[in-house]
Amino acid sequence: MGIIRKTKAVENLLQEFSKSGTAISAKLLIERLKSKFNKTTIYRVLDKLEDDGVLHSFLGKDGLKWYAKCHGCTAIEHQDLHPHFQCLDCGKVECLAVSVTLPKIPNRKIEVSQLLLQGKCETCFV
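So, here is what we can say about the structure in this document.

## Examining unusual backbone geometry
- In this structure, Asp 62 takes a positive phi of about 65° despite not being glycine.
- The topology assignment puts Asp 62 in the loop between strand 2 (55-59) and strand 3 (65-69).
- The exposure class assigned to Asp 62 is exposed, which follows from its relative accessible area of 71%.
- Its identity is not glycine, yet Asn 107 carries a phi of approximately 60°, on the positive side.
- With respect to the helices and strands, the residue Asn 107 is situated in the loop between strand 5 (93-95) and strand 6 (116-119).

And the structure:
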């Protein structure tokens, strides 16, 4: 945790998220950036950006790890308590801006929650 160094790898990864506007799988990021950085560097930078509250991750279909930009998160606390939607036709994955209330569970502290909804997106639904 701490201040993010603006390395070429950090800049390139953040550019991918700026261009996309949706979640991106680690697999796709590796494919897009393989000519510039090795897989280990990409995973290391993704982990650092997640630790610093810049990105959040979740598991999608087939257990693939996806990343999306955070909004209002810090290195101390993630505020990304929202569901994600994955289209089963085109594969698009996005954060949903809807509220989710987690139940209070006695003698437990929930630190991570993931909710993935799957179906057809607005483009494929028609």
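Now that the structure has been shown, we can carry on.
## Some details on the pairing of strand 3
- One ladder, built from two bridges, connects strand 1 (residues 24-25) with strand 3; its direction is antiparallel. Across the sheet, the residue bridging to Ile 24 is Tyr 67, located in strand 3.
- Counting the residues between successive antiparallel strands, the hairpin from strand 2 to strand 3 contains five residues, one of them, Asp 62, with a positive phi of roughly 65°.

Parameters at a glance
Residues numbered from 1 in each chain as written. Predicted model: local features only at pLDDT ≥ 70, side-chain atom pairs only at ≥ 80, totals over all residues. Heavy atoms only, no water. Helix = DSSP H or I, 4+ residues; strand = E, 2+ residues; numbered from the N terminus. Buried < 20%, exposed > 50% of the residue type's maximum accessible area, 1.4 Å probe, protein only. Pairing = 2+ DSSP bridges.

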